[in-house]
Amino acid sequence: MRKILKLLVALSLVLTLVACGKDKKEDENVLKVGMECGYAPFNWTQLDDKNNGAQIDGANEYAGGYDVMMAQKVAQALGKKLVIVKTEWDGLPPALQAGKIDLIMAGMSPTPDRAKEVQFTEPYWKSQYVMIVKRGSKYENAKSLNDFKGAKISAQLNTVHYDIIDQIDGVIKEEAQSSFPELRVALQSGVIDGYVAEVPEAKSVESATKDLVSVNFPEGQGFTVKDNSNLVSAAVKIGNKELLDACNKVFSNISEDERQEIMNTAVKNQPANN
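No experiment lies behind these values; they were computed from the predicted model shown.

(A) Representation of the side chain of Glu201 in the model. Relative to the helices and strands, Glu201 is located in helix H6 (residues 199-208). The class for Glu201 is buried, based on a relative accessible area of 2%. With residues up to four places along the chain from it excluded, the contact list for Glu201 reads Ala40, Pro41, Phe180, Arg184 and Tyr195.

This is how it looks when you write it as structure tokens:
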């Protein structure tokens, strides 16, 4: 009986080691990228793999968007399978630090404060700030930030967009919203007069809705850019030089024209347009 028990214990140990080895090998062949999957055209959730959507981990859903297409290029260069890990915005840095994801690609700007928690790659997108307003409103033909004095303005929670509202003299800074879809609804319902965004969101809004429009400011009349806030970079765990270098190599080989083409494709393919 003792011999049988010893044999069973040994067999159980072998199976455990084999399973652990298999899991480790599978992890090495996967690139886990974290994003909200709700920030079109950078990233969104869709029900199938249309337009080369990527599988979302633990769900019967897929992710699409500019971030996804760029992440696919990184995964391909590394010879790994791309897996999207759907994560709330505030949970992205902690997930990276805990090893739940390998990379953040979520339309994130490489600000100094964030660089204390994660390590950023070279930018893979550069944008500019705009204001989204209702078509036909008195703000549609605004030429400068001064034209928004007394306006009710909001932006996404915990973003640079919300911080720079303070650059508008006399503005009524409304409560931040957790996502762009919520901001669109707030604007359409009259809760706010406008919200701060970037060019990709402007393209998305104008292609998906008829009642919203973007205000692009002439040079010197718009928001002041500080701390790389108009750039978008991927983020790796601090000290992960191998992945950092690999991402930078991929991004350096993508021309500006190709980036614009990828973004235009993302705007065209976003769920609101299909």
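(B) Structural view of the layout of surface pockets. For the largest pocket, the calculated volume is near 420 Å³. Contributing to the lining of the largest pocket are 19 residues, with Thr111, Arg114, Thr159, Val160 and Asp163 lying nearest its centre. A per-class count over the lining of the largest pocket returns six nonpolar, six polar and seven charged. Two domains each put at least three residues into the lining of the largest pocket: domain 1 (30-126 + 231-269) and domain 2 (129-215). If you go around the second largest pocket, you meet 13 residues; those closest to its centre are Leu31, Lys80, Asp102, Asn240 and Leu243. Put simply, the parts of the chain that give the lining of the second largest pocket at least two residues each are strand S1 (30-35) and helix H7 (241-252). Across the lining of the second largest pocket, the residue classes break down as six nonpolar, two polar and five charged.

(C) Expanded view of the packing of aromatic side chains. Under the criterion given, the structure shown has 11 aromatic pairs. Look at Tyr124 and Phe251: their rings are 5.1 Å apart centre to centre, the planes differ by 35°, and that puts the pair in the tilted class. In this pair, Tyr124 is assigned in the loop between strand S7 (119-120) and strand S8 (125-126) and Phe251 in helix H7, connecting sequence segments 127 residues apart. Given the relative accessible area of 0%, Tyr124 is considered buried. Using a relative accessible area of 1% as the deciding quantity, one classes Phe251 as buried.

(D) Representation of the pairing of S1. Extensive coverage of S1 is indicated by the burial of five of its six residues. Note: S1 against strand S5 (residues 81-86), six bridges, orientation parallel. Bridged to Gly34 within S5 is Val85. Here S1 runs beside strand S6 (residues 103-104); their pairing, made up of two bridges, is parallel. In the sheet register, Gly34 faces S6, and the bridge partner there is Ile104.

(E) Examining the sheet that holds strand S2 (residues 44-46) more closely. Taken together, the three strands give an open sheet; going across it, the order is S2-S4-S3, and neighbouring strands pair in antiparallel fashion. Both edges of this open sheet fall to S2 and strand S3 (54-55), since each of them pairs with a single strand only. Sheet topology places S3 next to strand S4 (residues 62-64); two bridges connect them, and they run antiparallel. Note on S4: the bridge partner recorded for Gln55 is Tyr62.

(F) Representation of the environment of Asn141. As for its placement among the helices and strands, Asn141 is situated in the loop between strand S9 (129-134) and strand S10 (152-154). Asn141 gets classed as exposed once you look at its relative accessible area, which sits at 60%. For the pair Asn141 and Val215, spaced 74 residues apart in the sequence, the C-alpha separation amounts to 7.3 Å.

(G) Layout of helix H8 (residues 256-269). In a regular helix each residue adds 1.5 Å, so 14 residues correspond to 20 Å; H8 covers 20 Å between its end C-alpha atoms and thus fits that length. Among the residues making up H8, those that are buried are Arg259, Ile262, Met263, Ala266, Val267 and Asn269.

Calculation criteria
Residues numbered from 1 in each chain as written. Predicted model: local features only at pLDDT ≥ 70, side-chain atom pairs only at ≥ 80, totals over all residues. Heavy atoms only, no water. Helix = DSSP H or I, 4+ residues; strand = E, 2+ residues; numbered from the N terminus. Buried < 20%, exposed > 50% of the residue type's maximum accessible area, 1.4 Å probe, protein only. Contact = heavy atoms within 4.5 Å. 1 Å grid on protein atoms, 1.4 Å probe; cavity = no way out; pocket = protein on both sides within 12 Å on 5 of 7 lines; lining within 4 Å. Points joined across faces, edges and corners; volume = space filled by probe spheres on them. Nonpolar A, V, L, I, M, F, W, Y, C, P; charged D, E, K, R; others polar. Domains from an automatic or database assignment. Phe/Tyr/Trp six-rings, centres within 6.5 Å; stacked < 30°, edge-to-face > 60°. Pairing = 2+ DSSP bridges. Expected span 1.5 Å × (residues − 1).

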